[in-house]
Structures are given as C-alpha cells and as structure tokens.
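Remarks on the overall topology
Spelled out from the first residue to the last, the chains are:
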Amino acid sequence: MLSTTGLTKQFDQTISVNQVNLQINAGEIYGLIGPNGAGKTTLIRMLAAAEEPTAGEIYISGQRLLPDQPNPGIQRQISFLPDDFPLYDDLNVVDYLDYFGRLYYLRQPELAQRINQVLELVSLENKRQSQISTLSRGMKQRLSLARTVIHRPVLLLLDEPVSGLDPIARVQYRETIKTLQTEGITILISSHILSDLEDFCTSIGIMELGRLVESSQLQALYQRDRRGQQIIIAALGEAAALQQVLQTMPLVTVCEILPSGNQVCIQFAGTNLEAANLLRDLITGGWQITEFSPVQASLEEIFLKLGYQQTS
Amino acid sequence: MQQPQQAPWIDQLGDWNPQLLRELRGRLKPRSVIAAIALSAIGQLLLFLIIDKLPNQSKWLNIWRSFTYGLPFLLLILGSYLIVSDLTHEENRGTLNFIRLSPRPAWQILLGKILGVPTLLYLAIVLAIPLHLIAAVAAGLPSELTLSFYLLLLASCILCYSAAMLYSLIAVPKPGAASWQFTAGISFVAIAFSLGFVIAFYFWSFTVAWRSLDNFPEIFGYSLADQRFWFYLDISQNFWLAHAFTLINLAIGTALIWRVLLRYFRQPRSSVLSKKQASELPDCSLSRSVFLGLLALPRFGRESP
C-alpha cells in the first residue's frame, strides 16, 4: 500500500528524516511513535506530499509520488490531518464538508450522502448547521477527521490526532478510527499517547533522531519482548517456600516476593509453552496455585526499551 | 437528517469551482450583504447630493468623472488588499495547504480566490454601475469611452489581483511564522503597490487609451499636447490601436504572472522561478516585446519621430 525507500529530508544542516524505508500493508493501522523532534511529522508531511523529500522515493498503491509535479491521481487516494487541524471559522459544518467534498470531485447526490455518513461517523449529526467557530475543541478535531475521510481515501495520515482531547473524546476518537479500519482504509497515525495506539494499531514504527529504528507488527513486538516476561505467581501456603522452589526451576532468572507478601514475581526467559509447562510442574509438585499471571509489557515500556537500545 | 435542498445553480457553480462557492458562502452573510448594499447606496446618494449643490457645473459629467476616478481606486487598492490579506491569513493558519493537497488544478483555486474574495466589493461596485452609465448617457459621452473604461478596468484588475496573489504567496514564509505586524507590513506594501498601479492606470488611460477622443478636453477638463509612441508607432492616435496595444500588454503581463503563480502555488518552498522559467525570461519573444515596448515609450514619448 505505502512504501518508501531511502526517504530523507534535510533542513539546512539538520537531517530531520534519515534514510527511512517504510512498508505499510493495505488495511493496516500503523502507529508511528517517537520522542519530540524524532522526525515523525516531517515523515508524515512528505508522505502527504506537503513536503518535498531531499532524497528517496515514495510509492502509494504502486504509483510513485513524483516530487515537483502535481499528482492528482495519488492525491485523491491520500488524506492528511495535521496536528493543528486548521478550520474555516466563517463556514458552518455542512458547508465546510461540502467544500472539501467538491475539491475532491464529489458530486450530488453522492456528496450529500457522504456528508451524512461522515457526520454520523464522527457523531456530529446534530451540529450540521452550527458555525465552526462555536464548536468545542473535540468537535473541531472530529470535524477535521470527517473532512479527511469525506472523499473515501485509501490512505489516511494522522499526525497527533488526539492531542489535547479529554479522555472521553479520546475514546470516541479511537472508536472512530477502528470504524475506519473496518472500511478498509489504511491508516498511519502518530501519537504520544501509546496506550491509545496499543488499543488499535496492527503495526508500530519507532523513530529516533530521524531514523526508523523499529518497524514491525505489534504482536511480533510483544512476542519478542515476551522472551523476558514477568510472571506473578501466588499459591496457598508460605510465599518464601514457593520462592525457593521457583528459584530451582529452569528459565527463571529472577525471583522475589512482592510487597503484598503472598505473591512471587519471577523473570521468565521462556516461551508461552514453556510458561505453561512451568505451571503444570508446579501443580504436579503439589502446589495449590491461586494466581499465575504473565505481565504483558506495555507499548510504552517496549518503546522506552527499544528506542533507547537502538539509539544508543 | 436530510440536507436542505439547494438551488441547482449553486451545485453547478460548486462543481465547476469549489473555491468560488466556498468564498461566496463565507462572505455573503445577510449582515455583510446588507452592509455592502447600504454603503454603496449611501455613497452614491452623498455623491449625488454633493455634486447637485455645486454651482455652474455639469452635474452628470461630474458624476461620471467622480465614478471614473473613484472606481479604480476602490477596485484595485481595496481588492488587492483583500486578496493579500485573505491569502496571508490562509497561509498563516495552514488551511492553504489542504487546498494545495487537493487534486483540483491550481488555476481553479486561484481563479476562485480572485472572483470570490472581493465579492462584497464587487457587489458594492456593481450597484454603482447603473448610476455611472446613466451619468455617461445624460452627459452625452461616447459609448466607446464607457466601454473602454470598464474593459481596461477589468483587464487591470485581473493583472493587479494576479500580482497580489503571487506577492502574498512569496511574502509569507511558512504557516504560523508571521505575526500581525508582519501581516500588516505585507498588506501595507500591497496597498502601496496597487496605489502605484492605479496611478499608472490613470496615466495610461488618459495619455494613450483615451487621448484620441475628439472631445477629450471637454470630457476631462484639460487637453494633452503630447503624443505617445511605441517603436515610432503613434499608438495614442488611434482609439482601437491604443486599446489593442494596452490589452495585449496587460494580457502578456497577466500570462507571465500566472505561469509563475501556478507553479509557485503548488510548491511554495521552491524558488519563485523554475530554472526553465529563469532561463526563458530574458530570451523569450513575448517578454522582449513587453519590455522593449515599455522601455521605448518613455524614450520616445515626448518627441516626434
């Protein structure tokens, strides 16, 4: 769906994006994470044709995005929502969507139907005649999203779309993005709120200092991290006795009693199958296990670990 | 909920040029329209009352003169200011980027801006045109003079507004970078530029376009002794030749601006001229005819061949 080779952007002496090779398959939600100044926004702007690359190539649906030339065919397929989502305060909601629909060659009666659909998608049906200047920040953000999808793009580029939203608005926004995925839209989204990305992303890319230091399926990332997973175990009886037994088990690298006093936390270097074998061995060894909980590292923890490792 | 039905012509207009429809929708609010109509009507009424009280004057001729002197000022200066202000605002806010990324050709967007941004100004001017025409007929002025005035004004507006658009795109460095002082500075330069253009419009109209009219001294209250030559051709001697020359030059100027404008609108971070355009500029016969013509005029303007 989207691929780049050696994509680079240099501003004066600063290399903002450095030799990025990105591959996103159709229908994916690709989360782009990284610290401020990592080059996420510049990368997204180049993919949206809002910024010209210094070097490298961009392919969208197999077509090359040619720099220095109009690309009307590709531009119809892409949609871009920047982090500041500028709007026209002098228009009402329906006229705003009508304007962008027409810019993308939508005509009546399809245009009116599509406006209704996207307003329903972002739950702004009751605000259709409202002046944009009167909308709340969350509504404006949702209206911007409606604008980006009005022409049914196949690739949606969202730069920090949930920044500044309250928790309820973020949940609504997440649900909207999931709905868009079910419609077959490929989405590239950058965000600092990693728990949100964890909820709906299928793949993750980590950027550091302009480089894409990690790019893989989210499940593969978890799987890789699971090789050093933590497991919390509790059993009837003395926790200290359980700790002694666990310390003798293979693949258990660290074992300590948690402050609660009846739980033991182990660092386990095995796979899921080997963790299941450990549980079976404990039960057959006569332990009455009341808790056996593998602790899944959050995306935030993985990001901190991977980002730091790769850069260093 | 169903969208209220809108007139078919609105749909057709929007399909042809969404930018124009967007500008009209943003500007033609009832309050603004009423204000434009009221200002135009009050201005005309005041002008009529003032001239009516002047002694020993040809009332209708003076009304015609007032409009002829005033309309270019209003249209060229205020129109250019509105366009520069609008584009600067859009570029600053970042909304112009969305339009750039749309698959619509740049000419449609820019034409929509020229036609749509000064809508209220156009409305006020259009409402004043009947009185201007009535005054021309009542004063017994030749119809070709009135036709010439509007033709030259239209061509000048297209050139001036195109230049204003190009200027505002070049002047604003990037979204969010400009302060209000910067925007005010840009607008001030635009007003100064268009004021110069208005003066050039009058100078050219009087000394070249209208000079050959038989009753020029009676119409304008003074006479011109000088002739205007271009490559030893007395262009001010023939009314139609003067107009053909003027309109061709305005068209060439507009075409050159649009060539740069169409490219620069799409790539605002590139150089103003492409390498190809820069290399063509001093060489092409089109620009040679313009620049040689302009250079030749002052040189031979005040002497006989």
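Everything numeric in this text was worked out from a predicted model, so none of it was measured. (Residues numbered from 1 in each chain as written. Chains lettered and ligands numbered in written order. Predicted model: local features only at pLDDT ≥ 70, side-chain atom pairs only at ≥ 80, totals over all residues. Heavy atoms only, no water.)

Here the focus is the overall build of chain A. Scanning chain A from N- to C-terminus turns up 11 helices and 15 strands. A burial count over chain A gives 52% of its 312 residues as buried. (Helix = DSSP H or I, 4+ residues; strand = E, 2+ residues; numbered from the N terminus. Buried < 20%, exposed > 50% of the residue type's maximum accessible area, 1.4 Å probe, protein only.)

Listed as interface residues are 38 residues of chain A and, on the opposing side, 31 residues of chain B. Here chain A packs against chain B, burying approximately 3100 Å² in sum over the two surfaces, 51% of which is carbon and sulfur. On the chain A side of the contact with chain B, A:Tyr88, A:Arg102 and A:Leu103 bury the most area, a combined 21% of that side's loss. Viewed at the interface, chain B and chain A are joined by 5 salt bridges. (Contact = heavy atoms within 4.5 Å. Buried area = accessible area lost by both parts, 1.4 Å probe. Salt bridge = Lys/Arg side-chain N within 4 Å of Asp/Glu carboxyl O.)

Glancing now at the pattern of salt bridges. Summed over all chains, the structure comprises 21 salt bridges over all chains. Here B:Asp86 ties to B:Arg27 by a salt bridge, and the two come within 2.8 Å at their closest N and O atoms. Of this pair, B:Asp86 sits in helix α4 (residues 59-93) while B:Arg27 is found in helix α2 (residues 18-27), placing the two residues 59 residues apart along the sequence. Judged by its relative accessible area of 11%, B:Asp86 falls in the buried class. The class for B:Arg27 is buried, based on a relative accessible area of 17%. Between B:Glu90 and B:Lys113 there is a salt bridge; the shortest N-O distance is 2.5 Å. In this pair, B:Glu90 sits in helix α4 while B:Lys113 sits in helix α6 (residues 106-116), placing the two residues 23 residues apart along the sequence. Owing to a relative accessible area of 1%, B:Glu90 belongs among the buried residues under this scheme. Taken together, the shared-partner salt bridges connect A:Asp95, A:Asp98, A:Arg102, B:Asp11, B:Asp15 and B:Arg25 into one network.

A word on the packing of helix α3 (residues 93-103) of chain A against helix α5 (residues 137-149) of chain A. All names here are of chain A. Running from N to C, α3 and α5 cross one another at 30 degrees; their axes reach a closest spacing of 9 Å. As the angle between them shows, α3 and α5 are arranged roughly parallel. By crossing handedness, the relation of α3 to α5 is classed as right-handed. Contacts from Val-93, Tyr-96, Leu-97 and Phe-100 of α3 reach α5 at Leu-143, Ala-146 and Arg-147. (Axes fitted to C-alpha atoms, helices over the stretch in contact; angles between N-to-C directions. Parallel < 35°, antiparallel > 145°, perpendicular 65-115°, else oblique. Left-handed = near helix turned anticlockwise from the far one by under 90°.)

This structure, assessed with the given rule, holds 18 aromatic pairs over all chains. Ring geometry for B:Phe149 versus B:Tyr150: centroids 5.0 Å apart, planes at 75 degrees, classification edge-to-face. For B:Phe149, a relative accessible area of 0% puts it in the buried group. An aromatic cluster of at least three residues, connected via ring pairs, comprises B:Tyr69, B:Phe73, B:Phe149, B:Tyr150, B:Phe201, B:Tyr202, B:Phe206 and B:Trp210. Sitting over the face of the ring of A:Tyr88, B:Arg22 holds its NZ or CZ atom 4.1 Å from the ring centroid. Here B:Arg104 stacks its cationic end above the ring of A:Tyr105, 4.0 Å away from the centre of that ring. (Phe/Tyr/Trp six-rings, centres within 6.5 Å; stacked < 30°, edge-to-face > 60°. Lys NZ or Arg CZ within 6 Å of the ring centre and 35° of its normal.)

The next point concerns the sheet that holds strand β13 (residues 252-257) of chain A. Residue and element names in this part refer to chain A. One open sheet accounts for 4 strands, arranged β13-β14-β12-β15; its pairing is antiparallel. What marks the edges here is a single partner per strand, and that holds for β13 and β15 (289-295). Recorded for the sheet is a direction-independent mean angle of 20 degrees between the axes of neighbouring strands. Of the pairings in the sheet, the one linking β13 to strand β14 (residues 263-268) comprises 5 bridges and is antiparallel in character. Bridge pairing in β14 places Glu-256 opposite Cys-265. Sheet strands touched by helix α9 (residues 239-248): β12 (229-235), β13 and β14. Its angle to β13, the strand with the most contacts, is close to 170 degrees. Helix-sheet contacts for helix α10 (residues 272-284) involve β12, β14 and β15, and the interaxial angle to β15 is about 165 degrees. (Pairing = 2+ DSSP bridges.)

Take α2(B) next. Counting buried positions along α2(B) gives 10 out of 10 residues, so the element sits mostly inside the fold. All buried positions along α2(B) are accounted for by B:Pro18, B:Gln19, B:Leu20, B:Leu21, B:Arg22, B:Glu23, B:Leu24, B:Arg25, B:Gly26 and B:Arg27.

Residue and element names in this part refer to chain B. It is the contact of helix α8 (residues 143-171) with helix α11 (residues 239-266), at a shortest axis distance of 9 Å, that shows an interaxial angle of 20 degrees. Classed by the angle they form, the pair α8 and α11 counts as roughly parallel. Two packed elements cross with a definite hand, and for α8 against α11 that hand is left-handed. Grouping the constituent residues of the contact of α8 with α11 by class yields 20 nonpolar, 7 polar and 1 charged. (Nonpolar A, V, L, I, M, F, W, Y, C, P; charged D, E, K, R; others polar.)

On to the environment of B:Ile10, then. Residue and element names in this part refer to chain B. Mapped onto the elements of the fold, Ile-10 is located in helix α1 (residues 8-16). Put simply, Ile-10 and Leu-21 are 11 residues apart on the chain and 7.6 Å apart in space, counted from C-alpha to C-alpha. Ile-10 has contacts with Leu-21 and Arg-25, leaving out every residue within four places of it along the chain.

Within the element layout of this structure, B:Arg25 appears in helix α2. Each C-alpha atom of the pair B:Arg25 and B:Gly116 lies 9.3 Å from the other, and the pair is 91 residues apart in sequence. Residue contacts for B:Arg25: discarding those within four places in its chain leaves A:Leu91, A:Asp95, A:Asp98, B:Gln6 and B:Ile10. A polar contact is formed between the side chain of B:Arg25 and the side chain of A:Asp98, at a distance of 2.8 Å. (Polar contact = N/O pair within 3.5 Å; in protein donor to acceptor, adjacent residues only side chain to side chain.)

Now for the sheet that holds strand β9 (residues 186-190) of chain A. All names here are of chain A. Reading across the sheet, the 6 strands line up as β7-β8-β9-β4-β10-β11 and stay open at both edges, with mixed pairing between neighbours. Edge positions in the sheet fall to β7 (78-81) and β11 (211-217), since each has one partner strand and no second. If you compare each strand with its neighbour and ignore which way they point, the axes differ by 15 degrees on average. Of the strand pairs in this sheet, strand β8 (residues 155-159) and β9 are connected by 5 bridges, and their pairing is parallel. The residue bridging Leu-155 from the neighbouring strand is Thr-186, located in β9. Of the strands in this sheet, β4 (29-33), β7, β8, β9 and β10 (203-208) are in contact with helix α1 (residues 40-47), which crosses β8 at around 150 degrees.

This part is about the confidence of the model for chain B. Residues and elements named next belong to chain B. For chain B, the mean per-residue pLDDT works out to 82, and 81% of the residues sit at or above 70. Mean pLDDT in chain B bottoms out at helix α13 (residues 285-300), which sits at 52, and peaks at α6, which reaches 94. Contacts from residues 298-305, a stretch scored under 50 in pLDDT, to residues over four places away or in other chains number 11 contacts. (pLDDT = per-residue confidence, 0-100.)

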